[in-house]
Amino acid sequence: MAGKDAKNGKRRTTEAEEEIVRMPRGIYEKELFRLQAELVKLQEWVRTENARLVVIFEGRDAAGKGGTIKRVTQYLNPRIARITALPAPTEREQTQWYFQRYVDHLPAAGEIVLFDRSWYNRAGVEHVMGFCTKEEYSRFLHQCPIFERLLVEDGILLRKYWFSVSDIEQESRFRSRLDDPMRRWKLSPMDLESITRWEDYSRAKDMMFVHTDIPEAPWFVVESADKRRARINMIAHLLSTVPYHAIKPRPLELPRRPAPQGYVRAPRESQTYVPDHAAELLTR
């Protein structure tokens, strides 16, 4: 899907311009459920093998990161697989080593951490919007590969995904959010500002890849014009990169319920129940 600037007729920069062929819902839901079952197996492998898995989700606003993370974690144990989406740093955190607050959220043995945005904020929004100095930006590009090599060297399984979406598709998703009261909260002034800085973000992404697409921790690009395809492709790829295997579950057996010991339930009127809203719906 190519576009032209209305003012000067120049071709707009896009990241994914092919015609969007939507994945049929039936095929998508069947394969998604199969992959989610594999994610449960992966989770049990991580737990029993005391592995540590970090998955980074980066990309433009409205590229589909959040929806993919939701599908990844849908059937996982939140005590094992957790989502980390850090807010803006506090005044104290701004004086720390840049990577310090992210280190606190790295997994211990038997844990999975999904970063919804990560330390790459400095290479993207902070750099483009002027929230960091040129020196801080240059230091990040130098230190980030070193930091990630240390993580991998220590045994952490690190996977990095960039969700790629065209300017036209991004704008379409923004417009759909404007008219949807259930999703309008997803639009921030920063998101809207990104429309006017498309090429700045493109240059920042290219520079980020030059410095941080390293053999020990490569970037994997997910074409996300079709959200269903993006979710399926990302999950399938993640599973293919981890040497997990099915763990034989411990045998479980429900114990026999003991005989009554004389307990009498408290009177219903002694407790406050929520109103039966469902009953009202059924009588309409």
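Located above this text is the structure these notes cover.
Each residue is numbered by its place in its chain's sequence as written, counting from 1. Thresholds applied to this predicted model are a pLDDT of at least 70 for local features of residues and 80 or more for the giving and counting of side-chain atom pairs; totals over whole chains, interfaces and linings are not thresholded and use all residues. Side-chain descriptors were evaluated using all non-hydrogen atoms of the structure, hydrogens and water having been removed beforehand.

Caption draft 1: Just helix 7 (residues 167-178), in detail. Between its first and last C-alpha atoms helix 7 spans 17 Å; for twelve residues at 1.5 Å apiece the expected length is 16 Å, and the two agree. Whether a residue is buried, partly exposed or exposed follows from its accessible area with a 1.4 Å probe, protein chains only, as a fraction of its type maximum: under 20%, in between, or over 50%, in that order. Secondary structure is summarised from DSSP: a helix means a run of H or I of at least four residues, a strand means a run of E of at least two, and numbering begins at the N terminus for each. Looking at helix 7, one finds that the buried residues are Asp 167, Glu 169, Gln 170, Arg 173, Phe 174 and Arg 177. Mapping the buried residues of helix 7 onto a view down its axis gives an arc of 165°, with all of them on the same face. What makes two residues a contact is simply this: any of their non-hydrogen atoms within 4.5 Å. Tucked into the core, helix 7 has its buried residues touching helix 8 (189-196), helix 9 (198-212) and helix 10 (227-241). Here the expected length of a helix is defined as 1.5 Å per residue gap, with one fewer gap than residues. What the arc measures is the spread of directions leading from the helix axis to the C-beta atoms.

Caption draft 2: Looking closely at unusual backbone geometry. We note that Asn 50 has phi near 55°; this positive angle belongs to a residue other than glycine. Following the sequence through the fold, Asn 50 ends up in the loop between helix 1 (25-49) and strand 1 (52-59). One non-glycine residue, Ala 62, lies in the positive phi region at around 70°. Structurally, Ala 62 can be placed in the loop between strand 1 and helix 2 (65-73).

Caption draft 3: Structural view of the sheet that holds strand 1. Each pair of strands is called paired provided DSSP finds at least two bridges between the two strands. In spatial order, the strands read 2-3-1-4-5; together these five strands make up an open sheet with parallel pairing. Looking at which strands have only one partner, the edges of the open sheet turn out to be strand 2 (81-84) and strand 5 (219-223). Each adjacent strand pair in this sheet contributes to an overall mean axis angle of 20°, direction not counted. Angular values range over 0 to 180 degrees, each being the angle between N-to-C directions of two axes fitted as lines to C-alpha atoms, with helices fitted over their stretch in contact. Strands strand 1, strand 4 (157-164) and strand 5 of the sheet are contacted by helix 10, whose axis makes an angle of about 160° with strand 4.

Caption draft 4: Focus on the nonpolar core. One finds Leu 39, Leu 42, Trp 45, Val 55, Phe 163, Met 234 and Ile 235 to be the most contacted residues of the largest nonpolar core, which totals 32 residues. Of all the secondary structure elements, the ones that give two or more residues to this core are helix 1, strand 1, helix 2, strand 3 (111-116), strand 4 and helix 10. Considering every element that reaches this core, the biggest residue donor is helix 1, with seven residues. One finds Val 54, Tyr 102, Phe 140 and Leu 158 within the second-largest nonpolar core, a separate group that totals 26 residues. Each nonpolar core is a collection of buried residues, namely Ala, Val, Leu, Ile, Met, Phe, Trp, Tyr and Cys, held together in the definition by side-chain atoms within 4.5 Å.

Caption draft 5: Structural view of the side chain of Glu 169. Looking at the secondary structure, you find Glu 169 in helix 7. Contact partners of Glu 169, with chain neighbours within four places excluded, come to Ile 20, Arg 22 and Ala 225.

Caption draft 6: Seen up close, the pattern of salt bridges. The term salt bridge refers to a side-chain nitrogen of Lys or Arg lying within 4 Å of a carboxyl oxygen of Asp or Glu. Enumeration over the complete set of coordinates arrives at 19 salt bridges. Across the pair Arg 47 and Glu 44 runs a salt bridge, and its minimum N-O distance is 2.7 Å. Here the residue Arg 47 and the residue Glu 44 both occupy positions in helix 1, the gap between them amounting to three residues, near one helical turn. Here Glu 44 falls in the partly exposed class, since its relative accessible area comes to 24%. We note a salt bridge from Asp 200 to Arg 203, for which the minimum N-O separation is 3.5 Å. Of the two residues, Asp 200 and Arg 203 both sit in helix 9, three residues apart, roughly one turn of that helix. On the accessibility criterion, Asp 200 (35% relative accessible area) is partly exposed. One continuous salt-bridge network, built from bridges that share partners, spans Glu 58, Asp 61 and Arg 117.

Caption draft 7: Main features of the packing of aromatic side chains. The rule is short: rings of Phe, Tyr and Trp, with Trp giving its six-membered ring, pair when the centres are within 6.5 Å, and they are stacked under 30 degrees, edge-to-face over 60, tilted in between. As enumerated under the stated definition, the model contains 20 aromatic pairs in all. With centroids separated by 6.0 Å and ring planes inclined at 25°, the aromatic side chains of Phe 57 and Phe 163 adopt a geometry described as stacked. Taken together, the positions of Phe 57 in strand 1 and Phe 163 in strand 4 put the pair 106 residues apart, joining distant regions of the chain. Accessibility classification places Phe 57 together with Phe 163 in one group, the buried group. Centre to centre, the rings of Trp 97 and Phe 147 are 5.9 Å apart; their planes meet at 80°, and the pair counts as edge-to-face. Taken together, the residues span a long stretch of sequence, with Trp 97 in the loop between helix 3 (91-94) and helix 4 (100-103) and Phe 147 in helix 6 (residues 134-153) at a distance of 50 residues. The structure contains a cluster of three or more aromatic residues connected by ring pairs, namely Trp 97, Tyr 98, Phe 99, Tyr 102, Phe 115, Trp 119, Tyr 120, Phe 140, Phe 147, Trp 162, Phe 209 and Trp 219. The lysine or arginine in question, Arg 60, covers the ring of Trp 198, its NZ or CZ lying 3.5 Å from the ring centre. For a lysine, the NZ atom is tested; for an arginine, the CZ atom; a charge sits over a ring if that atom is within 6 Å of the ring centre and within 35 degrees of the ring normal.

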